[in-house]
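A look at the structure
For reference, the chains in residue letters:
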Amino acid sequence: MDFDVTLEGRIVVGEVIGSDTILHVQVGDLLIKSFVPRIERMEPGTRVYVSFWSKDGYLFDQKTEKLIE
């Protein structure tokens, strides 16, 4: 699969929720929360790449938590 966006970041924390995980990834000044449909345990500070199709992503303002269009 060729995604149109790939960002390099570092794991801040991983939240295992049942059989899924939400990874909090620091990318520069951005904190990205990525849903992973499996249990994924990663140490804080681990370098990762987050890839996605821009049409499938949502951006929220960090202060107001409102959707950025």
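Anything mentioned here points back to the structure above.
The present account deals with the structure reproduced in this document. (Residues numbered from 1 in each chain as written. Predicted model: local features only at pLDDT ≥ 70, side-chain atom pairs only at ≥ 80, totals over all residues. Heavy atoms only, no water.)

1. Digging into the overall build of the chain
For the chain, the helix and strand inventory stands at 0 helices and 6 strands. When the helices and strands of the chain are read in sequence order from the N terminus, they spell out β-β-β-β-β-β. By principal-axis analysis of the C-alpha atoms, the chain measures approximately 30 × 30 × 25 Å. Among the 69 residues that make up the chain, the fraction classed as buried is 17%. Sequence separation of at least 24 residues holds for 39% of the intrachain contacts in the chain that already meet a minimum separation of 6. Surface accessibility of the chain: about 5700 Å² in total, with carbon and sulfur atoms responsible for 53%. Side chains of the chain carry 8 positive and 12 negative charges; the gap between the two charge centres is 3 Å. (Helix = DSSP H or I, 4+ residues; strand = E, 2+ residues; numbered from the N terminus. Buried < 20%, exposed > 50% of the residue type's maximum accessible area, 1.4 Å probe, protein only. Contact = heavy atoms within 4.5 Å. Areas by Shrake-Rupley, 256 points an atom, 1.4 Å probe, with all protein chains shown as cover. Lys, Arg positive; Asp, Glu negative; His and termini not counted. Charge placed at Lys NZ, Arg CZ, Asp CG, Glu CD.)

2. Here we look at the pattern of salt bridges
When charged atoms on two side chains of opposite charge get close, those side chains can pair. Applying the stated criterion across every chain yields a total of 3 salt bridges. A salt bridge links R47 to E8, with the nearest nitrogen and oxygen atoms 3.6 Å apart. Note that R47 is positioned in strand β4 (residues 47-52) and E8 in strand β1 (residues 5-17), a separation of 39 residues in sequence. E8 gets classed as partly exposed once you look at its relative accessible area, which sits at 43%. A salt bridge links R38 to E40; the shortest N-O distance between them is 3.0 Å. A relative accessible area of 24% means that E40 is categorised as partly exposed. (Salt bridge = Lys/Arg side-chain N within 4 Å of Asp/Glu carboxyl O.)

3. Notes on the nonpolar core
One broad trend across soluble globular proteins is that nonpolar side chains are buried collectively. Residues I11, L23, V25, V27, I32, V36, V48 and V50 constitute the largest nonpolar core, which totals 8 residues. Per element, the largest residue contribution to this core is 3 residues, and it comes from strand β2 (residues 20-27). Those residues in contact with L23 that sit more than four places away from it in its chain are I11, V13, G14, I32, K33, S34, V36, E40 and M42. (Core = buried A, V, L, I, M, F, W, Y, C linked by side-chain atoms within 4.5 Å.)

4. Some remarks on the side chain of T21
Relative to the helices and strands, T21 is located in strand β2. For T21, a relative accessible area of 0% translates into the label buried. Looking at T21, its side chain comes within polar contact range of the main-chain nitrogen of E40, at 2.9 Å. Apart from the residues within four sequence positions on either side, T21 is in contact with E15, V16, S34, F35, V36, R38, I39 and E40. (Polar contact = N/O pair within 3.5 Å; in protein donor to acceptor, adjacent residues only side chain to side chain.)

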